[in-house]
Amino acid sequence: MADLNILYESIVNGKLESAVEITEVAIAEGYSPQEIINNYMIKGMEEMGQRFQDGKAFVPNLLMSARAMKGSLDLLKPLLVGSTASYIGKVVIGTVKGDLHDIGKNLVGSMLEGCGFEVINLGTDVSSEKFVEAVKEHKADIICMSALLTTTMLYMKEVIAAIAAAGLKEQVKIMVGGAPVNMKFATQIGADGFSNNANNAVVIAKELMGIEK
Ligand code: B1M
């Protein structure tokens, strides 16, 4: 039987191979991807954040942990993606300019995909111009912005201003998220929705599309 504490330890210690190995076993044994992600992988990254803050871990450690997390996530992603014949809405998602954190954003994107949205992932360090272009090009219903730094979250306001300046505010709903972002901030900058986790992001996105839960 899979000991998922090994997965937690592998993320914390940045061990890609053992993270992948134990994830494969867990999948074969029928663990749900949500349980694996929420109870072990995210907890491992949170522990690394704490250690980093306490000066007990450094950027290379974070990178190793992120690599291990990505390895496991790549295996779980196909299980999150459902088989939808037609999409319920189109989402453009990206981490805002100046910010390179993408694990949480990718998780949100995968969950949205799994729940029937078409997702256009713009990556990290995304400028307001790129968001505007993508909304126009893909005729997106929702923009999801992610930020993990207290400095870069401020850029979300600039993106919203650029969307308004391009005359797109009535056309597209704007959702924000990421560790330092909260409901108060989301309201202040004029976002239509906020979520502090990937599961709830789907609920909010559906609400914004006018779809019953
Ligand atoms: Co950095 N980092 N980091 N980092 N990093 C944090 C964010 C930090 C809190 C660590 C700490 O000090 N405790 C801190 C920020 C402090 C602050 O601003 N208050 C920090 C710092 C300071 C930095 C650097 C400045 C360090 C340096 O260079 N001196 C630097 C900045 C680089 C840059 O972006 N320009 C930096 C770099 C990095 C790495 C590149 C090494 C690496 C990222 C690798 C990668 O993403 N590919 C990294 C990591 C791994 C972290 C921590 C440890 C983990 C982040 C993570 O992946 N969490 C993080 C500490 C922490 O968060 N505890 C930290 C797991 C992920 C699943 O959660 O991203 O929160 P999260 O996503 C959640 C929710 O927030 C929400 O749903 C997700 C799933 O539940 N969500 C959304 C996220 N986006 C959403 C969008 C939505 C909705 C919900 O749309 C609507």
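Predicted model only: the values in this text are computed from it and were never measured. (Residues numbered from 1 in each chain as written. Predicted model: local features only at pLDDT ≥ 70, side-chain atom pairs only at ≥ 80, totals over all residues. Heavy atoms only, no water.)

**Q** I tried to follow the side chain of Ser127 on my own but got confused; where do I start?
**A** Note on placement: Ser127 falls in the loop between β2 (117-121) and α6 (128-138). For Ser127, a relative accessible area of 15% corresponds to the buried category. With residues up to four places along the chain from it excluded, the contact list for Ser127 reads Lys97 and Tyr155. (Helix = DSSP H or I, 4+ residues; strand = E, 2+ residues; numbered from the N terminus. Buried < 20%, exposed > 50% of the residue type's maximum accessible area, 1.4 Å probe, protein only. Contact = heavy atoms within 4.5 Å.)

**Q** Can you help me understand the coordination of the cobalt atom of the ligand in this one?
**A** Metal coordination angles have textbook ideals: 109.5 degrees for a tetrahedral set of four donors and 90 or 180 degrees for an octahedral set of six. Just one protein atom donates to the cobalt atom of the ligand; it is His101 (NE2), sitting 2.3 Å from the metal. Mapped onto the secondary structure, His101 falls in the loop between β1 (89-95) and α5 (103-114). (Donors = N, O, S within 2.8 Å, 3.2 Å for Na, K, Ca; no water.)

**Q** Explanation requested: the site of the ligand in the structure shown.
**A** Surrounding the ligand, one finds 33 residues, the nearest of these being Gly98, Leu100, His101, Asp102 and Ser146. Separating a nitrogen atom of the ligand from a side-chain N or O atom of Gln53 is a distance of 3.2 Å. In this structure, His101 approaches the ligand through a side-chain N or O atom, which is 2.8 Å from a nitrogen atom. In terms of residues, the shell around the ligand owes the most to one element, helix α3 (residues 33-53), which gives 5 residues. Each of domain 1 (5-80) and domain 2 (87-208) gives at least three residues to the shell around the ligand. (Near = heavy atom within 4 Å. Polar contact = N/O pair within 3.5 Å; in protein donor to acceptor, adjacent residues only side chain to side chain. Domains from an automatic or database assignment.)

**Q** I keep staring at a nonpolar patch on the surface and nothing clicks. Help me out?
**A** A cluster of nonpolar side chains, contributed by Phe52, Val59 and Leu63, occupies part of the molecular surface with about 290 Å² of accessible area. Relative to the assigned elements, Phe52 resides in helix α3. With relative accessibility at 39%, the residue Phe52 sits in the partly exposed group. (Patch = residues over 30% accessible without salt bridge, like charges linked within 9 Å, V, L, I, M, F, W, Y side chains within 5 Å. Areas by Shrake-Rupley, 256 points an atom, 1.4 Å probe, with all protein chains shown as cover. Salt bridge = Lys/Arg side-chain N within 4 Å of Asp/Glu carboxyl O.)

**Q** So what exactly am I meant to see when it comes to the domain arrangement of the chain here?
**A** Where the parts come together, the accessible area they lose is often given as the size of the interface. The assigned domain composition of the chain is domain 1 (5-80) and domain 2 (87-208). For domain 1 and domain 2, the distance between their C-alpha centroids amounts to 24 Å. Contacts between the two partners involve 10 residues from domain 1, matched on the other side by 7 residues from domain 2. Across the domain 1/domain 2 interface, buried area totals approximately 700 Å², and carbon plus sulfur atoms make up 74% of it. Looking only at domain 1, the three residues that lose the most surface to domain 2 are Leu73, Lys77 and Leu80, adding up to 55% of its buried area. Connecting domain 1 to domain 2 are 0 salt bridges. (Buried area = accessible area lost by both parts, 1.4 Å probe.)

**Q** How do you make sense of the sheet that holds strand β5 (residues 193-195) when you look at a structure like this?
**A** For sheets, the rule is that strands pair by backbone hydrogen bonds, running either parallel or antiparallel. Strand order in this open sheet of 5 strands is β2-β1-β3-β4-β5, and the pairing throughout is parallel. The strands lining the two open edges of the sheet, one partner per strand, are β2 and β5. When strand polarity is set aside, the average angle formed by the axes of neighbouring strands in this sheet is 25°. Both strand β4 (residues 173-177) and β5 contribute to a ladder of 3 bridges, which runs parallel. Residue Val176 lies in a different strand from β5, and its bridge partner there is Phe194. In this fold α6 packs onto β1, β2 and β3 (142-146), with an angle of close to 165° to the strand it touches most, β1. (Pairing = 2+ DSSP bridges. Axes fitted to C-alpha atoms, helices over the stretch in contact; angles between N-to-C directions.)

**Q** Help me out: how do you make sense of the pairing of β1 in this one?
**A** Every regular strand shows the same layout, with side chains that alternate between the two sheet faces. Within β1, 6 of the 7 residues are buried, which leaves it mostly tucked inside the rest of the structure. Alignment of β1 against β2, held across 5 bridges, turns out to be parallel. Its bridge partner lying in β2, Val91 is registered against Val119. As a crossover connection, the stretch from β1 through α5 into β2 is right-handed. (Right-handed = clockwise from strand over helix to strand, strands pointing away.)

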